[in-house]
Amino acid sequence: LDICDRHGFASTRVLILANLTGLAIKTNDLASAEKYGKTALDIAQATDNRHVISSVKVHFSRLALRRGDLERARSDLEASLRIASQIDRPALVLEGISCFAEILAAQGDKDCARMVLTFATNHPLSNAPERNEYLAKLAQWGNEPSQESAWPGIELNELAQRIVIESNVA
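As a starting point, this report considers the structure included with it. (Residues numbered from 1 in each chain as written. Predicted model: local features only at pLDDT ≥ 70, side-chain atom pairs only at ≥ 80, totals over all residues. Heavy atoms only, no water.)

The subject of this paragraph is the layout of surface pockets. The volume enclosed by the largest pocket comes to roughly 720 Å³. When contributions to the lining of the largest pocket are tallied by element, the ones reaching two or more residues are α2 (10-26), α4 (50-66), α6 (90-106) and α8 (128-141). At eight residues, the largest contribution of residues to the lining of the largest pocket is made by α6. Each pocket or cavity is described by its volume, and for the second largest pocket that value is around 360 Å³. Contributing to the lining of the second largest pocket are 20 residues, with F100, L104, L159, I163 and E166 lying nearest its centre. When contributions to the lining of the second largest pocket are tallied by element, the ones reaching two or more residues are α5 (70-86), α6, α7 (110-122) and α9 (156-165). Taken together, the residues of the lining of the second largest pocket sort by class into 14 nonpolar, two polar and four charged. (1 Å grid on protein atoms, 1.4 Å probe; cavity = no way out; pocket = protein on both sides within 12 Å on 5 of 7 lines; lining within 4 Å. Points joined across faces, edges and corners; volume = space filled by probe spheres on them. Helix = DSSP H or I, 4+ residues; strand = E, 2+ residues; numbered from the N terminus. Nonpolar A, V, L, I, M, F, W, Y, C, P; charged D, E, K, R; others polar.)

Structural data, given as C-alpha cells:
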C-alpha cells in the first residue's frame, strides 16, 4: 500500500485493499476486514470500478455472516451478484454462489448449502485453491446432500439471477 501511495498506483491500491479485505475475513480479523473493505469500496465507487465493488460486496456479505447478520449478508450478496452479472464476470458470480452456500448453511439449510457448494466445487471456473477451500467447507458441513435433493440443472448465471431476484424472500 505504501508503494502504491508513493507512486500513485491507484488502480493497484484498490485491488490490494479488496484482497486484504478477503484475507482479513479468512484470518478472522473482522475489524481490519471492515477497515480495508470500506476504503476499497469508497475508492471503487468513486472510480466506478464495478468489479471491485462486486468483490468487496461479497466480502462484506461474508463479514456480515461472521457477525450473525443474515439480512445484511443477503443484501450485500444480492448487490455483488447483480453487479457481477451486469459486467459479465463469471468468476465473481461463482464466488457469490459459494457465499450463497454459506448463507444457506447459516440459515440452517445445510442440505441445500451442500448442493450449491458442490455445484461451485465442480464448476469449470473453480480453480484449485477455491476447490480446496470448498471441499474443506463441505467436509466441515458433514454428509453429502441426500439423493432426493438432486441438483435441478440450474446453471451459473440462472442461479445468480434467482438469488438476486429472490433475495428479499431469504
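Next comes the rest of the account.
This brings us to the packing of helix α3 (residues 30-46) against α4. For the pair α3 and α4, the least separation of the axes is 9 Å and the interaxial angle reads 155°. In terms of orientation, α3 and α4 fall into the roughly antiparallel class. Handedness of the crossing formed by α3 with α4: left-handed. Of the residues in α4, those touching α3 at L30, A33, E34, G37, K38, A40, L41, A44 and Q45 are V52, I53, V56, K57, F60, L63 and R66. By residue class, the composition of the contact of α3 with α4 is 10 nonpolar, two polar and four charged. (Axes fitted to C-alpha atoms, helices over the stretch in contact; angles between N-to-C directions. Parallel < 35°, antiparallel > 145°, perpendicular 65-115°, else oblique. Left-handed = near helix turned anticlockwise from the far one by under 90°. Contact = heavy atoms within 4.5 Å.)

Within the secondary structure, L63 is located in helix α4. Judged by its relative accessible area of 4%, L63 is buried. Taking the C-alpha atoms as reference points, L63 and I83, separated by 20 residues in sequence, lie 19 Å from one another. Among residues more than four places away in sequence, those in contact with L63 are I25, L30, A33 and E34. (Buried < 20%, exposed > 50% of the residue type's maximum accessible area, 1.4 Å probe, protein only.)

Interaxial distance between α2 and α3 falls to 8 Å at its minimum, and their mutual angle equals 150°. When the axes of α2 and α3 are compared, the pair comes out roughly antiparallel. For the crossing formed where α2 meets α3, the hand is left-handed. Between α2, through R13, V14, L17, A18, L20, T21, A24 and I25, and α3, the contact on the second element is made entirely by S32, A33, Y36, G37, T39, A40, I43 and A44. Here the residues of the contact of α2 with α3 sort into 11 nonpolar, four polar and one charged.

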